[in-house]
Structures are given as C-alpha cells and as structure tokens.
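As a plain string of letters, each chain reads:
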Amino acid sequence: MSAIDRKPRRETHIARLVVALLLVALGLWISFTFLPALVWAVVICVAIDPLYMRMRGRWPGPKARVAIAGAITALVAAAILIPLAIGVAQAAREVRDVAAWVAQAQSTGLPVPGWVHQLPVARQAVTHWWEENLLTPASATLQIQHLRSSAFGVNTRFIGSNLLRRLVTFSFTLIAMFFLLRDRDAILEQLRRAGDRLFGASGERVGYQAVLSIRGTIDGLVLVGIGEGAVMAVAYVVLGVPNPLLLGGLTAVAAMIPFGAALILSIAAALLLAQGAVGAAIAVGVIGFIVVGIADHFIRPILIGGATRLPFVWVLIGILGGVESFGLLGLFIGPATMAVLIMLWREYIDGPTPKASALGQGPGLGTYSQE
C-alpha cells in the first residue's frame, strides 16, 4: 500500500477515535449524576454474586433468573430501608427530649451536673467552663445560638433538601442492580471481551483482582464493622448506655470507615457522663479501644490484605484516599484500584501470573451456561 493510501486511512482512524472519545465524554456527562448509583449497584452485585449463583443453580431457567434477581433486589432494599426507618423513628423520639432540654436551658439555665464533680481529671476546668457558659439562661441561650449558627447547624438544614435526591439515587441503584443480576452472563461475557482487547492476556486477571479486592474490602470493612457494632451493642446494654441498639447500629456503620468508630464511642461515653456514670463511661472507652484495636490491627489486615495480595499500608492508602475522593464509594473503589495497579506492576516486572487466576476461575464468577 502506498503512502498516499495510508494517509487517508490514518486520518479516518484518528477521526473515529476523536468522535468515539467525544461520545464517551458526552455519555459520562449525561449520566454523571447516576454514576455513583451504578457503581454502588456493581459493588453490591459483586458482593452477593456467590449467593445469586447458588440460587441459580437450585432454580435454573430464564424465568427463575428474573424472579431471583427481583427477590434479591427486594431483600437488599428491605435490609437497608428497615434499619433506616427504625433509626429515623428513634431519632424523632430523641428530638422531643432535645427540645425539652433546650427549652429548660433557655428558661432556667443548666446547673452543673453531678457527674462533673466525679471526673477523675480536669474537674475544676470543666466546672468553671460550665458555670460560665451554661449555668445562667443568658449564657445557655448564647451557646445554643452559636451552635445553631455554626457550620454544623447550617449543614443540618440541608438534610431535608437532599432527601429526595438521595431517594432517587437509591431507587436507581436498586433498578440497576436488578438488571445487572438478570443479565449477569451477557455482561460478564462483554467485560471479558473488552478486557482482552484492552489488556490482552491480563484482561481476565485484572477483573478477577478487582472482584477479589471488592469482596475482601466488604469482608474486612462491612462484616468486621457489623461485628464491632454487635459487640459494642452488648457492651452498651450491659453498661446502661441510652438507646444501646441504635448506638450499636451507628457504631457498626462508623466502624466501616477506619477510625470512624471513635466518634460513636465518644458519644456513648458522653451520654453516660451526662447520667453521672463515670466508671461506665471509662469502661465504654476501654472496651471500644480494645475491640477497635483488634479489628483494625489484626482482623482487617488479614481479610483485606489476604484477598488483594496487598500490604495493609497500601490497603489503608486506597481506603482513605478513596474516601477522600469518592466518599463512601471510595471504600471499595480505592482498594480495588490499588490492587489492580499493584497487580499490573508485578506483571510488568516479573511477567504474567499463570492463567489459573483468570476471572473465570473465581468463586461465584465461575463458568456459566447460557440459558
């Protein structure tokens, strides 16, 4: 072929590439609002894929596939909405107590509670601060006004305005999850072909490593967080913390983020201090420190690092950097990205790993049959 013939072909190829990139950019711009919901749907589907495949093996057939996808979607919706509704109802009951406390503070002030005099340290400083800021109605009203005008008060006013958007995003997540489960086989086949074209022989290994990373992160963060919340809920009940089940649930959610459980533990200790139970407050801190320390320094490194084949420092960088960049989604995007990058780096310096680690060999993502 002459140079004259090659030039138009090269120009045509460049023009197609530019048009394709523009279309991809336009598609991402149009769907940008719903991309987090789609990623959440993918994460949930990867997590529950082994369960889905076991159910498909027990009830084969195209109609059963649709029914199974619908049933799992409904169960996921119930697992999220029911605890959320219980928490909202409990919070609504607490609002009345907070309103009564605010009214008392503004009318008569807040006397120094008895637990302040039982503090083992800083007793004089806390008593002095309380007498200056909360003892009289004028000082208590001033502190409440400062709280309302603070960044926290401003941010809480936006919760109601964002509720509808969150509900729409959650609904789209469920819809996307249903179709991802229903069309799982076709989607996996397309991803395999795309991976082969993009990464060559490493395509399936990239997908497999990402899946392992997401599942390892779910085991290490979500399941361990739930375990921490369950243990602390028992401790809250024994030590007499108000609303122990609600605080246990909040501890489980906060514990999914590294070092996040400390906030809820502090709230639980503060509630006990407000009741004058100094010893119980110290016990909550000690027990929480032990539980979080064991989970963060022993259990999580084994679960996440073992699944991703990453040193835990890279796992931690992926988690914290992912949260900083993508919010809660970063809990899963960050470690998966780091795991794939480290895998590609190892293959670059050491050569590709055996084909046995391909995506098709993974648990829950094994060979499937087109029905």
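Quick notes on the rules
Residues numbered from 1 in each chain as written. Predicted model: local features only at pLDDT ≥ 70, side-chain atom pairs only at ≥ 80, totals over all residues. Heavy atoms only, no water. Helix = DSSP H or I, 4+ residues; strand = E, 2+ residues; numbered from the N terminus. Buried < 20%, exposed > 50% of the residue type's maximum accessible area, 1.4 Å probe, protein only. Contact = heavy atoms within 4.5 Å. Areas by Shrake-Rupley, 256 points an atom, 1.4 Å probe, with all protein chains shown as cover. Phe/Tyr/Trp six-rings, centres within 6.5 Å; stacked < 30°, edge-to-face > 60°. Axes fitted to C-alpha atoms, helices over the stretch in contact; angles between N-to-C directions. Parallel < 35°, antiparallel > 145°, perpendicular 65-115°, else oblique. Left-handed = near helix turned anticlockwise from the far one by under 90°. Nonpolar A, V, L, I, M, F, W, Y, C, P; charged D, E, K, R; others polar. 1 Å grid on protein atoms, 1.4 Å probe; cavity = no way out; pocket = protein on both sides within 12 Å on 5 of 7 lines; lining within 4 Å. Points joined across faces, edges and corners; volume = space filled by probe spheres on them. Core = buried A, V, L, I, M, F, W, Y, C linked by side-chain atoms within 4.5 Å. Arc of directions from axis to C-beta.

**Q** Talk me through the overall build of the protein chain; I want residue IDs and the actual numbers.
**A** Of regular secondary structure, the protein chain possesses 14 helices and 0 strands. N-terminal to C-terminal, the α/β element order of the protein chain is α-α-α-α-α-α-α-α-α-α-α-α-α-α. Across the 371 residues in the protein chain, those meeting the buried criterion constitute 35%. In the protein chain, 72% of the contacts between residues at least 6 apart in sequence involve partners at least 24 apart. Of the roughly 21,900 Å² of accessible surface on the protein chain, a fraction of 72% belongs to carbon and sulfur atoms.

**Q** So what about the packing of aromatic side chains? Which residues, and what values?
**A** Tallying each qualifying case throughout the model produces 1 aromatic pair. For the ring pair Phe 178 and Phe 179, a centre distance of 5.2 Å and an interplane angle of 75° mean the geometry is edge-to-face. You can call Phe 179 partly exposed: its relative accessible area is 38%.

**Q** Go over the packing of helix H13 (residues 312-326) against helix H14 (residues 330-350) with me, naming the residues and quoting the values.
**A** The N-to-C vectors of H13 and H14 enclose an angle of 135°; their axes lie 7 Å apart at closest approach. Taken together, the axes of H13 and H14 are oblique relative to one another. Our pair here, H13 against H14, has a crossing hand that is right-handed. In this structure, H13 uses Trp 314, Gly 318, Ile 319, Gly 322, Val 323 and Phe 326 to contact H14, whose residues at the interface are Gly 330, Leu 331, Ile 333, Gly 334, Pro 335 and Met 338. When the residues that make up the contact of H13 with H14 are grouped by side-chain class, the tally is 8 nonpolar, 4 polar and no charged.

**Q** With reference to specific residues and values, describe the layout of surface pockets.
**A** There is about 1,100 Å³ of room inside the second largest pocket. Every residue lining the second largest pocket is counted, 31 residues in all, and those nearest its centre are Val 42, Val 46, Leu 191, Ala 210 and Val 211. For the lining of the second largest pocket, the elements supplying multiple residues, two or more each, are helix H2 (35-58), helix H7 (159-182), helix H8 (184-199), helix H9 (203-239) and H14. For the lining of the second largest pocket, the element with the most residues is H8, which contributes 9 residues. Here the lining of the second largest pocket is composed, by residue class, of 23 nonpolar, 4 polar and 4 charged.

**Q** Before we move on, can you summarise the nonpolar core with the specific residues and values?
**A** Tyr 236, Val 241 and Val 284 are the most contacted members of the largest nonpolar core, which totals 18 residues. Among the elements that make up this core, the one with the highest residue count is helix H11 (residues 261-274) (6 residues). In this structure, Ile 68, Ala 69, Leu 174 and Ala 176 belong to the second largest nonpolar core, which totals 17 residues.

**Q** Any chance you could break down helix H4 (residues 123-133) for me, citing the residues and the numbers?
**A** Among the residues of H4, Thr 127, Trp 130 and Asn 133 are the ones counted as buried. The arc enclosing the buried residues of H4, seen along the axis, measures out at 150°, which places them on a common side. Of the residues in H4, the exposed ones pointing more than 90 degrees away from the buried face are Gln 124, Ala 125 and Glu 132.

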